[in-house]
Amino acid sequence: MGTAPAIGVLALQGDVREHLAALDAAGASAVPVRRPAELAEVSGLVIPGGESTTMSKLAVAFGLLEPLRERVRAGMPAYGSCAGMIMLADKILDPRSGQETVGGIDMIVRRNAFGRQNESFEVPLEVAGVPGGPVHGVFIRAPWVESTGARVERLAEVGGHPVAVRQGPLLATSFHPELTGDHRVHALFADMVRRAG
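Residues numbered from 1 in each chain as written. Predicted model: local features only at pLDDT ≥ 70, side-chain atom pairs only at ≥ 80, totals over all residues. Heavy atoms only, no water.

## As for the overall build of the protein chain
Alright, step 1. In terms of regular secondary structure, the protein chain is built from 6 helices and 12 strands.
Alright, step 2. Scaling as 2.2 N^0.38, a compact globule of 197 residues should have a C-alpha radius of gyration of about 16 Å, and the protein chain matches this with 15 Å.
Alright, step 3. Expressed as lengths along the three principal axes of its C-alpha atoms, the size of the protein chain is roughly 40 × 40 × 35 Å.
Alright, step 4. Buried positions account for 51% of the 197 residues belonging to the protein chain.
Alright, step 5. Contacts spanning at least 24 positions in sequence make up 65% of the contacts within the protein chain whose residues lie at least 6 apart.
Alright, step 6. Of the roughly 8300 Å² that the protein chain leaves accessible, carbon and sulfur atoms contribute 51%.
Alright, step 7. Across the protein chain, 19 positive and 21 negative side-chain charges occur, with their mean positions spaced 4 Å apart. (Helix = DSSP H or I, 4+ residues; strand = E, 2+ residues; numbered from the N terminus. Rg over C-alpha atoms; globule rule 2.2 N^0.38 Å. Buried < 20%, exposed > 50% of the residue type's maximum accessible area, 1.4 Å probe, protein only. Contact = heavy atoms within 4.5 Å. Areas by Shrake-Rupley, 256 points an atom, 1.4 Å probe, with all protein chains shown as cover. Lys, Arg positive; Asp, Glu negative; His and termini not counted. Charge placed at Lys NZ, Arg CZ, Asp CG, Glu CD.)

## A look at the sheet that holds strand β6 (residues 105-110)
Alright, step 1. The strand order across the open sheet built from 3 strands is β5-β6-β9, with neighbouring strands paired in mixed fashion. The sheet is open, and its two edges are formed by β5 (89-92) and β9 (144-148), each paired on a single side. Pairs of neighbouring strands in the sheet enclose a mean axial angle of 35°, with direction left out of account.
Alright, step 2. Where β5 and β6 come together, 3 bridges link them in parallel fashion. By the bridge assignment for β6, alanine 89 is matched with isoleucine 105. (Pairing = 2+ DSSP bridges. Axes fitted to C-alpha atoms, helices over the stretch in contact; angles between N-to-C directions.)

## Focus on the layout of surface pockets
Alright, step 1. Here the largest pocket defines a volume of roughly 230 Å³.
Alright, step 2. Forming the walls of the largest pocket are 16 residues, and the residues nearest its centre are Gly50, Glu51, Cys82, Ile140 and Arg141. (1 Å grid on protein atoms, 1.4 Å probe; cavity = no way out; pocket = protein on both sides within 12 Å on 5 of 7 lines; lining within 4 Å. Points joined across faces, edges and corners; volume = space filled by probe spheres on them.)

## Section: the nonpolar core
Alright, step 1. Of all hydrophobic cores here, the largest spans 33 residues; its most connected members are Ile7, Val127, Phe139, Val163, Leu171, Phe175 and Phe189.
Alright, step 2. Mapped by element, the contributors of at least two residues to this core are β1 (6-10), α1 (16-25), β8 (135-139), β10 (153-158), β11 (161-167) and α6 (184-196).
Alright, step 3. For this core, the leading source of residues is α6, giving 6 residues.
Alright, step 4. Discounting residues that sit within four places of it in the chain, valine 127 has contacts with Val135, Leu155, Ala156, Ala164 and Phe175.
Alright, step 5. Core analysis: the second largest hydrophobic core is formed by 31 residues, Val33, Val102, Ile105 and Val165 among them. (Core = buried A, V, L, I, M, F, W, Y, C linked by side-chain atoms within 4.5 Å.)

## Things to note about the environment of methionine 76
Alright, step 1. Secondary-structure assignment places methionine 76 in the loop between α4 (65-73) and β4 (78-81).
Alright, step 2. The class of methionine 76 is buried, set by a relative accessible area of 4%.
Alright, step 3. Separated by 31 residues in the primary sequence, methionine 76 and methionine 107 have C-alpha atoms spaced 18 Å apart.
Alright, step 4. If near-sequence neighbours (up to four positions away) are discounted, methionine 76 is found in contact with Leu39, Ser43, Gly44, Leu45, Arg71 and Leu170.

Quick look at the structure:
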């Protein structure tokens, strides 16, 4: 397992507690991050599922958006699930008014692409880089990736749309592995943080 890397979870809104528990189970030392000083203390960051517009506005209000962008540009590993995927996208196809992203992954995402809350679904997914058989994909008002740049690795697809991608030290999924009790995606990210060292 190696050392327990210090990984933050952006704790402004969304399923923060679930990501903290999943990271701990995956061998990381997980801490909530709400302030720039807390961000400076971690080696990697998870941006959780939640509401991407609200998260974007809160990141601005808490003075975190620019520090987040700087850390990601400087090579800090980051993992975004659902709304977190939107936050790591360089472009949103249909942004809400005033919605901003951290960026870093050369992709265009579509918000709520799989439909509204009542159209949520679950499906087994083969995810490249995650050994041990299919991952249980939980999709709740999930985005999908419309297009990617040449440096983006597509790790999993549903209906021809990428739902898990990686670009260097950045990882994003449309689905919520933190809700399943399967910690393999978090273990993959913890390993990415260790390697980034």
